[in-house]
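If you want the building blocks of each chain, they are given just below.
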Amino acid sequence: MDIQASNHIQQLRRGIFNEILDEKRRLEKEGKSLIDLSIGSPDLPPPDFVTEIIQHASKDYFYTMGAIPTFNGKVADFYNDRYDVKLHPESEVLQLIGSQDGLAHLATAMINPGDYVLVPDPGYPIFEVGVRIAGGQPYPLPLTEENDYLPRLDRVPQHILNRAKMMILNYPANPVTATADRSFFKEVVRFAQKYNILVVHDFTYSELVFDGKRGISLLSVPGAKEVGVEFNSFSKTFNMAGCRIGYMAGNEKVLNIMETMMSHTQYGIFYPIQKAAEAALTRGFDFMEQQVNTYQSRRDVLMDRLNQAGWPLSKPPATMYVWTRTPGGRDSMDFTFRLMREAGIVVTPGKAFGPEGEGYVRISLVQPEDQLAKAAERINRF
Ligand SMILES: Cc1ncc(COP(=O)(O)O)c(C=O)c1O
């Protein structure tokens, strides 16, 4: 039998992340000691009250069929407290099985074959892949160091604007670690209104902002709800990555479309996880502060040591990553594989996030400080 993937799926190639994982496993089998700073999966546990709620789950194995009645209200309160955004719990919040799943499904719900979607380059891979799965056409918005990793919206050609239905943004940004200010989001809203383009903002790293600063929600800008939606997650803020829970907020029509689709594809999230997520939103404020301190001090340990050794890096303002040029502008794949084989340090080549990422690597701060210090030592020797 001739078995073929659909044309849309055939466009996807096995990710660079898998190639790195294969090599990592091979080296581990050979007995090499590796420090893994590649994947962005938090190494620390969620707050104790979160794990307790999940551990005490006993008879709650029914289909939840979506958010439990109190969940959306808790998100609305959180958005009000943290980002000064008023959300209507009934119509402006939608629970998701993680923002990854939501981002993948949003393109399927909104995009027709041939529609263009503006996506950041470098950017988190699902932005582009979700569009391709839906049969749409991603159009890269280059994020360059010279422009503080913000896209130049004035450089998108008119013929693309005529066919663009959606644009995806992500601040604080993975992998480039940049933040955006309110004036940028105001420009984005004006652009979206002018060209009739839906804005999708991924705010997954909303709470990992350093040096006393705070994350800014797209929805805090006037007019944003008319043109946009925002995704948020419990994965990084509360170390609940494996729980698979997140939400989107904002434009009511878009949320309605998503809900209709999800009513056919999903039966809701495990009840104790929803309860634990609610608790995180209401009781997690001290925890969030500790998280910022932890990542900020990890950042400082790694950066200070690498800088001392002559790899001049500037400190990331946010996220759980360091984004840096490869020494001497070396090819990012070649540098990554050599660093893994010769120094035992696993990082992610910038190319994995799009062509503009070439010449850079991403280092994740997902190890304790002593391991990061050891990693810096090994990198410096290498
Ligand atoms: C930018 C960005 N968006 C979304 C996700 C996935 O989040 P979730 O665990 O909520 O699906 C990640 C995970 O690394 C991410 O970096």
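As the structure is a prediction and not an experimental result, all values here were calculated from the model.

What counts, and at which threshold
- Numbering of residues starts from 1 in each chain and follows the order in which that chain's sequence is written.
- For this predicted model, a pLDDT threshold of at least 70 governs which residues receive local features, and a threshold of 80 or more governs which side-chain atom pairs are given and counted, while totals over whole chains, interfaces and linings are taken from all residues.
- With hydrogens and water excluded, all non-hydrogen atoms of the structure serve as input to the side-chain values.
- Helix and strand definitions here come from DSSP, where helices need a minimum of 4 consecutive H or I residues and strands a minimum of 2 consecutive E residues; each element is numbered from the N-terminal end.
- As defined in this context, the radius of gyration uses C-alpha atoms, and a globule is described by 2.2 Å times the residue total to the power 0.38.
- Buried, partly exposed and exposed residues are distinguished by accessible area as a fraction of the type maximum, computed with a 1.4 Å probe on protein chains only: under 20%, between the cut-offs, and over 50%, respectively.
- Throughout, the Shrake-Rupley method with a 1.4 Å probe supplies accessible areas, and for residues the shown protein chains are the sole cover considered.
- Charged residues are defined here as Lys and Arg on the positive side and Asp and Glu on the negative side; His and the ends of the chain fall outside this count.
- The atoms used to mark charge sites are NZ of Lys, CZ of Arg, CG of Asp and CD of Glu.
- Proximity is defined per residue: if any heavy atom of the residue lies within 4 Å of a molecule or strand, that residue is considered near it.
- In the analysis that follows, any N or O atom pair within 3.5 Å is treated as a polar contact, provided that within protein one partner can donate a hydrogen and the other can accept it, and provided that, for residues neighboring in sequence, both atoms belong to side chains.
- Each Phe, Tyr or Trp ring (for Trp, its six-membered ring) is paired with any other whose centre lies within 6.5 Å, and the angle between the two planes then decides the class: stacked below 30 degrees, edge-to-face above 60, tilted in between.
- The rule for a salt bridge is simple: a side-chain nitrogen of Lys or Arg has to be within 4 Å of a carboxyl oxygen of Asp or Glu.
- By definition, residues are in contact when any of their heavy atoms lie within 4.5 Å.
- Strands are labelled as partners when DSSP assigns at least two bridges between them.
- Working convention: axes come from line fits to C-alpha atoms, limited for helices to the stretch in contact. Angles between N-to-C directions cover 0 to 180 degrees.

**Examining the overall build of the chain**
From N to C terminus, the chain includes 14 helices and 12 strands. Scaling as 2.2 N^0.38, a compact globule of 382 residues should have a C-alpha radius of gyration of about 21 Å, and the chain matches this with 21 Å. By principal-axis analysis of the C-alpha atoms, the chain measures approximately 55 × 55 × 55 Å. Relative to its 382 residues, the chain shows a buried fraction of 54%. Surface exposure of the chain reaches about 17300 Å², of which carbon and sulfur atoms provide 48%. Each charge class in the chain was averaged separately, 41 positive and 46 negative side chains, and the resulting centres sit 2 Å apart.

**Observations concerning the site of the ligand**
Close to the ligand lie 13 residues, the nearest being Asp-202, Tyr-205, Ser-233, Ser-235 and Arg-244. Contacts to the ligand include Asp-202, whose side-chain N or O atom sits 2.6 Å from a nitrogen atom. Contact between the ligand and Ser-235: an oxygen atom at 2.6 Å from a side-chain N or O atom of the residue.

**Quick look at the packing of aromatic side chains**
Under the criterion given, the structure shown has 23 aromatic pairs. With a centroid separation of 6.0 Å and 50 degrees between ring planes, the pair formed by Phe-78 and Phe-285 is classed as tilted. Placement of the pair is Phe-78 in helix α4 (residues 71-83) and Phe-285 in helix α12 (residues 285-308), with a sequence separation of 207 residues. Residue Phe-285 is classed as partly exposed on the basis of its relative accessible area of 27%.

**A word on the side chain of Asp-115**
If you trace the backbone, Asp-115 turns up in the loop between α5 (99-110) and β3 (116-121). Buried charge without a partner: Asp-115 forms no salt bridge, and the closest opposite charge is Lys-165, 4.2 Å away. Within the structure, the side chain of Asp-115 is placed 2.8 Å from the backbone nitrogen of Asn-112, a separation counted as a polar contact. Among residues more than four places away in sequence, those in contact with Asp-115 are Met-110, Gly-136, Gln-137, Arg-163 and Lys-165.

**Thoughts on the sheet that holds strand β4 (residues 137-142)**
Pairing is mixed across the open sheet formed by seven strands, whose spatial order is β2-β8-β7-β6-β5-β3-β4. Edge positions in the open sheet fall to β2 (93-96) and β4, since each of these has one partner strand only. Shown here is a sheet whose adjacent strand axes are inclined to one another by a mean of 25 degrees, direction ignored. One ladder, built from five bridges, connects strand β5 (residues 164-170) with strand β6 (residues 198-202); its direction is parallel. Note on β6: the bridge partner recorded for Asn-170 is Asp-202. Where helix α10 (residues 252-265) meets the sheet, its contacts fall on β2, β6, β7 (228-233) and β8 (246-250), and the angle it forms with β2 comes to roughly 35 degrees.

**Regarding the pattern of salt bridges**
Tallying each qualifying case throughout the model produces 17 salt bridges. Measuring nitrogen to oxygen at the nearest pair gives 2.9 Å for the salt bridge that ties Glu-92 to Lys-225. Here Glu-92 is found in the loop between α4 and β2, whereas its partner Lys-225 is found in helix α9 (residues 224-227), with 133 residues between them in sequence. Residue Glu-145 is joined to Arg-325 by a salt bridge in which the shortest nitrogen-to-oxygen separation is 3.1 Å. Of this pair, Glu-145 sits in the loop between β4 and α7 (158-163) while Arg-325 sits in strand β9 (residues 321-325), placing them 180 residues apart in sequence.

Remember, this is a structural readout, not a statement about activity or role.
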